[in-house]
Amino acid sequence: MLANIEISSVLGVIFIGLYWFTVVGLVLLILLENRNPLKTIPWVIVLMLVPGIGLFVYYFFGRENRHLRIISRRLHKRFRKQMQIDVKSHNIHEVPTMFHPLAKLLKRSGYSAFFTGSDITVFTNGKDKFDALIKDIAAAKHHIHLQYYIFNDDNIGMAVRQALIDKAAEGVIVRVIYDDVGSWDTKREFFRQMEQAGIEALPYLKVVFPLLAGKVNYRNHRKVVVIDGKIGYIGGMNIADRYVTGNKLGDWRDTHCRITGPGVYGLQGAFLLDLCAINNNIIKGKEYYPAMERHTDLKMQTIVSGPANQWLTLLQAYMFCITNAKKSIYIQTPYFLPTEALNQALSMAALAGIDVRLMIPLHSDTRSAQLATFSYIGKMLESGVKVYLYDNGFMHSKLLIIDDILTCFGSSNFDFRSFEHNFEINAFVYQQDFTIKMKNLFRQDMTKCIETSFPQWRKRALSKRLLESFMRLFAPLL
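Residues numbered from 1 in each chain as written. Predicted model: local features only at pLDDT ≥ 70, side-chain atom pairs only at ≥ 80, totals over all residues. Heavy atoms only, no water.

Draft legend 1. Representation of the side chain of His90. Topologically, His90 is positioned in the loop between α4 (73-86) and α5 (100-110). Among residues more than four places away in sequence, those in contact with His90 are Phe114, Phe115, Thr116, Pro262 and Arg294. (Helix = DSSP H or I, 4+ residues; strand = E, 2+ residues; numbered from the N terminus. Contact = heavy atoms within 4.5 Å.)

Here you go:
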């Protein structure tokens, strides 16, 4: 009996020793990766304070895989060359002079082509957007390309799927890409029925154990639709009932846009590049990039960003926009978790007298992210940023407006995950009329907000502020 106890004790010591050896080894590995200290410290804290859970969480979410080649460099180069054959971008010098460097940055770091002549319809609610989308799907003649982070099998999901199935039965080519993690709650049978109807329905970075660890932290957050190469959709809405009927948070306020004209080429290229990453097949042909005339003087670039990019393109673009603003900066985002550089840039702009306005939801669908978000608000207010808490449902819009000339919208939130981990797509529009229209929508939303001030904000309970500050430590991981 005593011998058994001694053996158990020895095994216990060996197990604990090996365990802590693993933990310390991982900590050293994180340090050797030379990450941003703001990202290194939270992982060290997690591993040291909750080593059991920490090991599990780090294995699935913490490893740095930006070097992961979602698509080979050779294939990527071939795709870009083919796209240049299929469609020629317009002269980048048509961009307003002050944004020439930004346009060049987007082209060089994000391979973003520039186009003039598109027309944009803006949707701020799900009903109008999905009514228009289903109508456009019904009118498709050659192909429908549809990509969403979340494609739910609820009422609106069923309606969109049936519209796609009907067109496939008519001989229209239908291709669907959905994120395997974002659409995790959707039954696989939902997509199998698409496939049985002749639709090519593919998951992006399919998560299958034990390959889970390398992919679960890098998700495709893009929302793109292209119909016949002539009509495109881009924005923040997924396919889910809450965008139409709301949920316990109330109505969902979002921004989604319908694009016609040459700007659709950028959306088509983004979809076909993701499709190529899945099946290594380069889709080409003029039927996917049909000739289109310029209908307006609206100028736009569509940028794709993500862990497969060499540069943090979206983060660089936002930094350029904010640091070069002359009069105003308007931001709408459901999650405000800025990098330290962006945090300082916004404070600096406000201190310099630029009209900086930030709109975030008063109530969020993610408690941890909201706590971390609120930890940034005090300094924003103290520096002169005007902060508006949206109180008419849930603010899910992703919008950046600079002065009266530049508007950026798309799938990207103002947080670490969108800037560094997710595959995102945003449109940069250089036009005064469109930008003033978007600023007016922002001001309409302000009437549904509670504006707070620094004296009010610092009066909040100490326990609440401490909890928010604690969650801020993990902002890079949320």
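Draft legend 2. Structural view of the pattern of salt bridges. With the rule as written, the count across this model stands at 17 salt bridges. One salt bridge connects Lys127 with Asp131, and the closest N-O pair in it is separated by 2.8 Å. Of this pair, Lys127 and Asp131 both sit in helix α6 (residues 126-138), four residues apart, roughly one helical turn. Residue classification places Asp131 among the partly exposed positions, given a relative accessible area of 41%. Between Asp404 and Lys439 there is a salt bridge, and its shortest N-O distance comes to 2.8 Å. In this pair, Asp404 sits in the loop between β16 (399-402) and β17 (406-410) while Lys439 sits in helix α15 (residues 432-446), placing the two residues 35 residues apart along the sequence. The buried category is assigned to Lys439, whose relative accessible area is 6%. (Salt bridge = Lys/Arg side-chain N within 4 Å of Asp/Glu carboxyl O. Buried < 20%, exposed > 50% of the residue type's maximum accessible area, 1.4 Å probe, protein only.)

Draft legend 3. Highlighting the sheet that holds strand β7 (residues 231-235). Read from one edge to the other, the open sheet built from seven strands follows the order β2-β9-β7-β6-β3-β4-β5, with strand pairing classed as mixed. Of all strands in the sheet, those bounded by a partner on one side alone are β2 (119-123) and β5 (200-204). The sheet shows a mean angle of 15° between the axes of neighbouring strands, taken without regard to direction. Of the strand pairs in this sheet, strand β6 (residues 224-227) and β7 are connected by four bridges, and their pairing is antiparallel. Bridge pairing links Val225 to Tyr233 in β7. (Pairing = 2+ DSSP bridges. Axes fitted to C-alpha atoms, helices over the stretch in contact; angles between N-to-C directions.)

Draft legend 4. Quick look at the nonpolar core. Core analysis: the biggest nonpolar cluster contains 53 residues, and Ile120, Met359, Phe409 and Phe434 have the highest contact counts within it. The greatest single-element share of this core, amounting to ten residues, is contributed by helix α10 (residues 264-279). Excluding residues within four positions of it along the chain, Ile120 makes contact with Cys257, Arg258, Ile259, Leu298, Phe409, Val429, Phe434 and Lys437. Formed by 52 residues, the second largest nonpolar core is a distinct cluster that contains Leu102, Leu106, Leu406 and Phe428. (Core = buried A, V, L, I, M, F, W, Y, C linked by side-chain atoms within 4.5 Å.)

Draft legend 5. Looking closely at the sheet that holds strand β1 (residues 114-116). If you trace the nine strands from one edge of the open sheet to the other, you get β1-β10-β19-β17-β16-β11-β13-β14-β20, paired in mixed fashion. The open sheet terminates on both sides in strands that have one partner only, identified here as β1 and β20 (449-452). Here the strands of the sheet are splayed against their neighbours by 20° on average, with no regard to which way each runs. Here α10 sits on the sheet in contact with β1, β10 (299-305) and β19 (424-430), set at roughly 10° to β10.

Draft legend 6. Examining helix α8 (residues 188-196) more closely. Listed as buried for α8 are Phe190, Phe191 and Met194. In a view along the axis of α8, the buried residues occupy a sector of 90°, so they form one face of it. Summarising the contacts, the buried residues of α8 are in contact with α7 (155-169), β4 (173-179) and β5. Positive phi shows up at Gly198, right after α8, with a value of about 95°. (Arc of directions from axis to C-beta.)

Draft legend 7. A look at empty space enclosed by the protein. Per the stated rule, a full pass over the model turns up one cavity of 30 Å³ or more. Considering the residues around the largest cavity, the lining is formed by Tyr318, Ile331, Gln332, Thr333, Lys398, Leu399, Leu400, Ser412, Asn413 and Phe414. Split into classes, the residues belonging to the lining of the largest cavity amount to five nonpolar, four polar and one charged. (1 Å grid on protein atoms, 1.4 Å probe; cavity = no way out; pocket = protein on both sides within 12 Å on 5 of 7 lines; lining within 4 Å. Points joined across faces, edges and corners; volume = space filled by probe spheres on them. Nonpolar A, V, L, I, M, F, W, Y, C, P; charged D, E, K, R; others polar.)

Draft legend 8. Structural detail: the packing of helix α12 (residues 340-351) against helix α13 (residues 367-383). Look at α12 against α13: their axes get within 8 Å of each other, and the N-to-C directions meet at 25°. Viewed along their axes, α12 and α13 adopt a mutual orientation that is roughly parallel. Residues Asn343, Leu346, Ser347, Ala350 and Leu351 of α12 touch α13, and the partners they reach there are Tyr376, Lys379, Met380 and Ser383. (Parallel < 35°, antiparallel > 145°, perpendicular 65-115°, else oblique.)

Draft legend 9. Spatial organisation of α5. Those residues of α5 not exposed but buried are His100, Leu102, Ala103, Leu106, Ser109 and Gly110. Next to the buried residues of α5 lie β10, α11 (313-323), β17 and β19. Where α5 ends, the next residue or the one after it, Tyr111, has phi of about 50°, a positive value.

Draft legend 10. View of a nonpolar patch on the surface. A surface patch of nonpolar side chains, amounting to about 250 Å² of accessible area, comprises Leu467, Phe470 and Leu473. Relative to the elements of secondary structure, Phe470 occurs in helix α17 (residues 462-472). (Patch = residues over 30% accessible without salt bridge, like charges linked within 9 Å, V, L, I, M, F, W, Y side chains within 5 Å. Areas by Shrake-Rupley, 256 points an atom, 1.4 Å probe, with all protein chains shown as cover.)

Draft legend 11. Up close: the confidence of the model for the protein chain. On average, residues of the protein chain score 86 in pLDDT, and 82% of them reach the 70 mark or higher. Long-range and interchain partners of residues 29-35, a stretch whose pLDDT sits below 50, account for 13 contacts in this model, where long-range means more than four residues apart. A low-confidence stretch, residues 210-214 stays under pLDDT 50, and its non-local contacts, those more than four residues away or across chains, total ten contacts. (pLDDT = per-residue confidence, 0-100.)

Draft legend 12. Geometry of the packing of aromatic side chains. By the definition in use, this model includes 20 aromatic pairs. Note on Trp252 and Phe394: the rings are 4.6 Å apart at their centroids and 70° apart in plane angle, and the pair reads as edge-to-face. Linking Trp252 in strand β8 (residues 252-253) with Phe394 in strand β15 (residues 394-395), this pair joins segments that are 142 residues apart in sequence. By the burial criterion, Trp252 is buried, and Phe394 matches it. Ring centres of Phe336 and Phe414 lie 5.4 Å apart, and the angle between their planes is 25°; this geometry places the pair in the stacked category. Of this pair, Phe336 sits in strand β12 (residues 336-337) while Phe414 sits in strand β18 (residues 414-415); the two residues are 78 residues apart in sequence, bridging distant segments of the chain. Judged by its relative accessible area of 3%, Phe414 falls in the buried class. Cluster of aromatic residues (ring-pair linked, three or more members): Tyr318, Phe336, Tyr376, Phe414 and Phe419. (Phe/Tyr/Trp six-rings, centres within 6.5 Å; stacked < 30°, edge-to-face > 60°.)

Draft legend 13. Looking closely at unusual backbone geometry. Unlike most non-glycine residues, Asp228 shows phi in positive territory, near 60°. Since its relative accessible area comes to 13%, Asp228 is described here as buried. Unlike most non-glycine residues, Asn280 shows phi in positive territory, near 60°. For Asn280, the location among the structural elements is in the loop between α10 and β10.

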